[in-house]
Amino acid sequence: MLSGDALRTGWVYEQAVDGFGTVRLRPVDPVEDVDLIHGWVTEPRASFWGMGELSRAQVLGIYRHLDALPTHQAHLAYRDDTPVALFHTYEPADDRISACYPVEPGDVGIHLLLGPTPGAAEAGFTSVLFPELLRHALVGHRRIVGEPDARNAKVLARLERTGFTLHHEILLPATTDPDFSQVEKLARLVFFSPDRLPAR
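Residues numbered from 1 in each chain as written. Predicted model: local features only at pLDDT ≥ 70, side-chain atom pairs only at ≥ 80, totals over all residues. Heavy atoms only, no water.

## Focus on the packing of aromatic side chains
For step 1, the next point in the chain: Here the structure, examined in full by the defined rule, presents five aromatic pairs.
For step 2, the next point in the chain: Consider the rings of Phe-130 and Phe-164, whose centres lie 5.9 Å apart with planes at 10°: the pair is stacked. In this pair, Phe-130 is assigned in helix H4 (residues 125–138) and Phe-164 in the loop between helix H5 (153–162) and strand E7 (165–172), connecting sequence segments 34 residues apart. Each member of the pair, Phe-130 as well as Phe-164, is classed as buried.
For step 3, the next point in the chain: An aromatic cluster is present here, built from Phe-130, Phe-164 and Phe-192 joined pairwise through their rings.
For step 4, the next point in the chain: Cation over ring: Arg-79 sits above Phe-20, and NZ or CZ is 4.0 Å from the ring centre. (Phe/Tyr/Trp six-rings, centres within 6.5 Å; stacked < 30°, edge-to-face > 60°. Helix = DSSP H or I, 4+ residues; strand = E, 2+ residues; numbered from the N terminus. Buried < 20%, exposed > 50% of the residue type's maximum accessible area, 1.4 Å probe, protein only. Lys NZ or Arg CZ within 6 Å of the ring centre and 35° of its normal.)

## Quick notes on the packing of helix H2 (residues 30–41) against helix H3 (residues 56–67)
For step 1, the next point in the chain: Close contact between H2 and H3 brings their axes to 9 Å; oriented N to C, the two are set at 120°. Judged by the inter-axis angle, H2 sits oblique to H3. Between H2 and H3 lies a crossing whose hand is right-handed. Contacts between H2 and H3 involve Pro-30, Val-31, Val-34, Asp-35, Ile-37, His-38 and Val-41 from the first element and Arg-56, Val-59, Leu-60, Tyr-63, Arg-64 and Asp-67 from the second. (Axes fitted to C-alpha atoms, helices over the stretch in contact; angles between N-to-C directions. Parallel < 35°, antiparallel > 145°, perpendicular 65-115°, else oblique. Left-handed = near helix turned anticlockwise from the far one by under 90°. Contact = heavy atoms within 4.5 Å.)

## Things to note about the environment of Gly-10
For step 1, the next point in the chain: Relative to the elements of secondary structure, Gly-10 occurs in the loop between helix H1 (4–7) and strand E1 (13–17).
For step 2, the next point in the chain: For Gly-10, a relative accessible area of 48% translates into the label partly exposed.
For step 3, the next point in the chain: Separated by 15 residues in the primary sequence, Gly-10 and Leu-25 place their C-alpha atoms 8.4 Å from one another.
For step 4, the next point in the chain: With near-sequence residues (within four places) excluded, Gly-10 lies in contact with Leu-25, Arg-26 and Pro-27.

## Some remarks on unusual backbone geometry
For step 1, the next point in the chain: You will see that Asp-80, though not glycine, has its phi angle at about 55°, which is positive.
For step 2, the next point in the chain: Looking at the element boundaries, Asp-80 is found in the loop between strand E3 (72–79) and strand E4 (82–90).
For step 3, the next point in the chain: Exposure remark for Asp-80: the relative accessible area of 34% places this residue in the partly exposed category.

## A short note on H3
For step 1, the next point in the chain: Spanning 12 residues, H3 covers 16 Å between terminal C-alpha atoms, matching the ideal 16 Å at 1.5 Å per step.
For step 2, the next point in the chain: When H3 is considered as a whole, its buried residues turn out to be Val-59, Leu-60, Ile-62, Tyr-63, His-65 and Leu-66.
For step 3, the next point in the chain: Looking at the buried side of H3, the elements it contacts are H2, E3 and E4. (Expected span 1.5 Å × (residues − 1).)

## A word on the pairing of E4
For step 1, the next point in the chain: Within E4, eight of the nine residues are buried, which leaves it mostly tucked inside the rest of the structure.
For step 2, the next point in the chain: Pairing of E3 with E4, which is carried by eight bridges, proceeds in the antiparallel orientation. In the strand pairing of E4, Leu-76 is matched with Leu-86.
For step 3, the next point in the chain: The turn linking E3 back onto E4 is made up of two residues, and Asp-80 within it adopts a positive phi angle of 55°.
For step 4, the next point in the chain: Bridge count for E4 against strand E5 (residues 107–114) is six bridges, and the pairing is antiparallel. The residue bridging Thr-89 from the neighbouring strand is Ile-110, located in E5. (Pairing = 2+ DSSP bridges.)

## Things to note about the confidence of the model for the chain
For step 1, the next point in the chain: Per-residue confidence for the chain averages 91 on the pLDDT scale, and 92% of its residues sit at or above 70.
For step 2, the next point in the chain: Taking the mean pLDDT of every element in the chain, the minimum, 41, falls on H1 and the maximum, 98, on strand E6 (residues 143–146).
For step 3, the next point in the chain: Counted against residues more than four places away or in other chains, residues 1–8, with its pLDDT under 50, gives seven contacts. (pLDDT = per-residue confidence, 0-100.)

Spelled out as structure tokens, the structure:
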């Protein structure tokens, strides 16, 4: 984990939440963060991310590739000084999802992976953290789009409780980019608008 001084640099979002702590976001540093990210994405609980069989070197390559794309951003989310989630945003017009729905100006795509929690899960944790991440994603945008795995009933239920509208299933095409290949994926198209954000 980074030192306290290092943590206080590079935040792109910071919001104190009563009774919870401070939610912060900083860009992923592929080299510095690869061990943490590799540990998270290769856990069985992260199987729907499709990275469970990847080596540390492969994960590093993926995040170096993302870091070079102006249309895709990967961030680590913190609660106070502890990393708790991986949060991606991307421009749908420059992503494979553009083949699956009519992208509108102001759309932004997201991916979220919660980190492992030691001990028992904390009631209400995601209900506090997730809206703060959505607030960050909506800066300069008018609608969030997502494409969770169609089989992931737990995440789909969570999205619906958060205020997402669930639409039809889509088949995300495979990519052939040697640096960032992605397999074909059956997903569920979901949307979120700013008026669904809860009051703080």
